[in-house]
Amino acid sequence: MPTFWFLLALNTIPLPPNAADCSALCWQVSPQICVTEQQPQNCTTQLQLHWRSNTPLSPCIYLAEQQLHCWQSSTQGQWQQQLQWQNAVLTLRDNDNKVLLQTELKVQSRKPARRRLSSPWSIF
């Protein structure tokens, strides 16, 4: 009986937003959040992408406005590359440059920017 409740609980967990509407075109991008040591640093990491579609596409991926890779008449694709970014948008676009999918790549730092401990006008 405990197994029944466990399975029931698992079935009530909501799916991620992209998983529910994944009937025509889907993708997975990893990582979407990169952690750096200091705040103004760029993220340098291996970015991985997998996409699939019910119909053949010839899409290209872009980081900001820079084209990274294209496929020709494919229903799926995968790509990985060492990249450097600072809070950018990754997009999958068709031949007409129409955005099919997009996700934001965020950079977070372990140490926030230092703030001033005293006022600049203080004489002490």
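As a starting point, this report considers the structure included with it. (Residues numbered from 1 in each chain as written. Predicted model: local features only at pLDDT ≥ 70, side-chain atom pairs only at ≥ 80, totals over all residues. Heavy atoms only, no water.)

Quick word on the nonpolar core
Soluble globular proteins tend to bury their nonpolar side chains together. The biggest cluster of nonpolar side chains holds 21 residues, and the ones touching the most others in it are Leu49, Trp85 and Leu90. Those elements giving two or more residues to this core turn out to be β1 (25–30), β3 (43–57), β4 (60–63), β6 (74–85), β7 (88–93) and β8 (99–111). Per element, the largest residue contribution to this core is four residues, and it comes from β3. Each residue touching tryptophan 85, except ones within four places of it in the same chain, is listed here: Pro31, Cys34, Asn42, Cys43, Thr45, Leu47, Leu63, Leu105, Lys106 and Val107. (Core = buried A, V, L, I, M, F, W, Y, C linked by side-chain atoms within 4.5 Å. Buried < 20%, exposed > 50% of the residue type's maximum accessible area, 1.4 Å probe, protein only. Helix = DSSP H or I, 4+ residues; strand = E, 2+ residues; numbered from the N terminus. Contact = heavy atoms within 4.5 Å.)

Regarding the state of the cysteines
For the structure shown, the criterion picks out two disulfides. Disulfide pairing is shown between cysteine 34 and cysteine 43; the S-S distance is 1.9 Å. Across the disulfide from cysteine 34 to cysteine 43, rotation about the S-S bond amounts to roughly 85°, and the bridge is consequently right-handed. Paired by a disulfide, cysteine 60 and cysteine 70 hold their sulfur atoms 1.9 Å apart. Measuring handedness by torsion sign, the sulfur bridge of cysteine 60 and cysteine 70 sits at about 105° and is right-handed. On the criterion of sequence distance, the pair formed by cysteine 60 in strand β4 and cysteine 70 in strand β5 (residues 66–70) is long-range, its members being 10 residues apart. When its relative accessible area of 11% is taken as the criterion, cysteine 60 is described as buried. Taking relative accessible area as the criterion, cysteine 70 reaches 28% and is therefore assigned partly exposed. (Disulfide = S-S within 2.5 Å.)

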